[in-house]
Amino acid sequence: MDCFTLVGLFVILYLFVYLLVLSIADCDFGMVLAEKFGKKIGVLRGKVIWITGASSGIGASLAEVLAANGAKLVISARNAGNLSKVKQKCIAAGLPATDVLILPMDVLEIQKHEQYFQQVIAHYGQLDILVNNAGRSQRALWEDIDIAVDKEIFKLNVFSVVSLARLAVRYFNEKGGGHLVTMSSLAGVVGAPYSGSYTATKHAIMGYFDSLRYERISQSGGGQLAITLLCPGPVFSNVLSESFTETAGQKFMQHQDPTDKRMTTTERCAKLCAVAIANRLDEAWMGLFPVVPLCYVLRYYPNIARRVMKITRFGQFQKLRDSRVTVQVQR
């Protein structure tokens, strides 16, 4: 058997294993390896981690996971009452009350970001990891979206994130290192139908932080700044009810089906996020089959993807994402 045949057999075997893993895993291949063989979440013990959007959903669950593994936390959101509940859960997970700082904030108040940042440093004396998690999704027909909605969602999902991240980068430069973690989405990897403005914000986030990553790689000592982009697919949380629509100031106000087995639980998603943070992964995709394999096809084989989309029945992707058709199309 010549070397070319051996290489061919190796490639076929690798692809077979790769596809087999993706068919049973709830994340991408790199995440599977990190969870099985990489660093444990416990390496974050003692690290000061600031989570925005921590009053519910993935942010709240991530705080609990990190608390159970000994990280020192700053939890932020607008709702101080919900933050108090999250703090109690963190304490129940084993974290001392003194290691959970509640910092109520509205991330849209960009002019106050410096003040909030200094409060974190004043309390703990340092910051090791910033998790920019605050944001909202959207459900709307593309051509019906008011431009005011685009502006609102970009201010929340992009500009507030970049503002806080830039403060963190400057601080990490002085400190000699740090870790930026940003909650993106699989909608930042491929276009998500009926979420045009939201998809655009997540593509913008991927671009902003990929650009930063490559800048730092090309600089001497740039590797001291770690950048992780978290990309969940469908996750059961309150995201749908809080979503933007096509109208400014309006919320979608529908709820996901808690019995839908096609969605990742918030707790499982939070654990995968924590694994990605502990292993300083560049990018992490999360979602139950067939979400992740589908995203591979849509991203790397666009010609095939377009054909698949043409033959897919209306509403199939909405049902995969939201348990049902959430945006009606009149044609």
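One numbering rule holds for all chains: residues counted from 1, following each sequence as written. Per-residue local features of the predicted model are confined to residues with pLDDT of at least 70, and side-chain atom pairs are confined, for both listing and counting, to 80 or more; whole-chain, interface and lining totals are unaffected and use all residues. Side-chain numbers come from the whole structure's heavy atoms, not from hydrogens or water.

J.: Explain the sheet that holds strand β6 (residues 225-232) residue by residue, including any values.
T.: Hydrogen bonds along the backbone pair up the strands of a sheet, which may run parallel or antiparallel. Here, a strand pair is defined by DSSP locating no fewer than two bridges between the strands. The helix count covers DSSP runs of H or I at least four residues long, the strand count covers runs of E at least two residues long, and both are numbered beginning at the N terminus. Judged by pairing direction, the sheet is parallel, and its seven strands sit side by side in the order β3-β2-β1-β4-β5-β6-β9 without closing on themselves. Only two strands of the sheet have a single neighbouring strand rather than two, namely β3 (100-102) and β9 (283-286). Direction aside, the axes of adjacent strands within the sheet are offset by 15° on average. As paired strands, strand β1 (residues 48-52) and strand β4 (residues 129-132) are joined by three bridges and run parallel to one another. What sits directly across from Trp50, in β4, is Leu130. Where helices are involved, their axes are fitted lines through C-alpha atoms of the stretch in contact, as for all axes, and angles between N-to-C directions lie from 0 to 180°.

J.: Account for the packing of helix α3 (residues 57-68) against helix α8 (residues 266-278), with residues named and values stated.
T.: Where α3 contacts α8, the axes come no closer than 8 Å and their chain directions differ by 60°. With respect to α8, the element α3 is oriented oblique. Crossing handedness for the pair α3 and α8: right-handed. Counting all contacts with α3, which are made through Gly57, Ile58, Ser61, Leu62, Val65 and Leu66, the residues of α8 involved are Thr266, Glu267, Cys269, Ala270, Lys271, Cys273, Ala274 and Ile277. These descriptions rest on fixed angle ranges, namely under 35 degrees for roughly parallel, over 145 for roughly antiparallel, 65 to 115 for roughly perpendicular, and the rest for oblique. With the far helix as reference, a near helix turned anticlockwise by less than a right angle produces a left-handed crossing, and one turned clockwise produces a right-handed crossing. Residue contacts are defined here by distance: any two heavy atoms, one from each residue, within 4.5 Å place the two residues in contact.

J.: Give a description of the side chain of Lys202 that names residues and reports values.
T.: Checked against the element boundaries, Lys202 lands in helix α7 (residues 196-217). We call a residue buried when its accessible area falls under 20% of the maximum for its residue type, exposed when it is over 50%, and partly exposed in between, using a 1.4 Å probe and counting protein chains only. Only four residue types enter the charge count: Lys and Arg as positive, Asp and Glu as negative, with His and the chain ends excluded. Salt bridges are defined as contacts in which a side-chain nitrogen from Lys or Arg sits within 4 Å of a carboxyl oxygen from Asp or Glu. One buried charged residue, Lys202, forms no salt bridge at all, with the nearest opposite charge on Glu283 at 13 Å. Excluding residues within four positions of it along the chain, Lys202 makes contact with Asn157, Met183, Ser184, Ser185, Ala187 and Gly188.

J.: For helix α2 (residues 29-37), give the residues involved together with the corresponding values.
T.: Listing the buried residues of α2 in full gives Phe29, Met31, Val32, Ala34 and Glu35. Sitting at the head of α2, Asp28 places a side-chain oxygen 2.9 Å from the backbone nitrogen of Gly30. Polar contact is the term for a pair of N or O atoms within 3.5 Å; when the atoms are in protein, one must be able to donate a hydrogen and the other to accept it, and sequence-neighboring residues count only if both atoms are side-chain atoms.

Treat this as a map of the structure, not an account of what it does.
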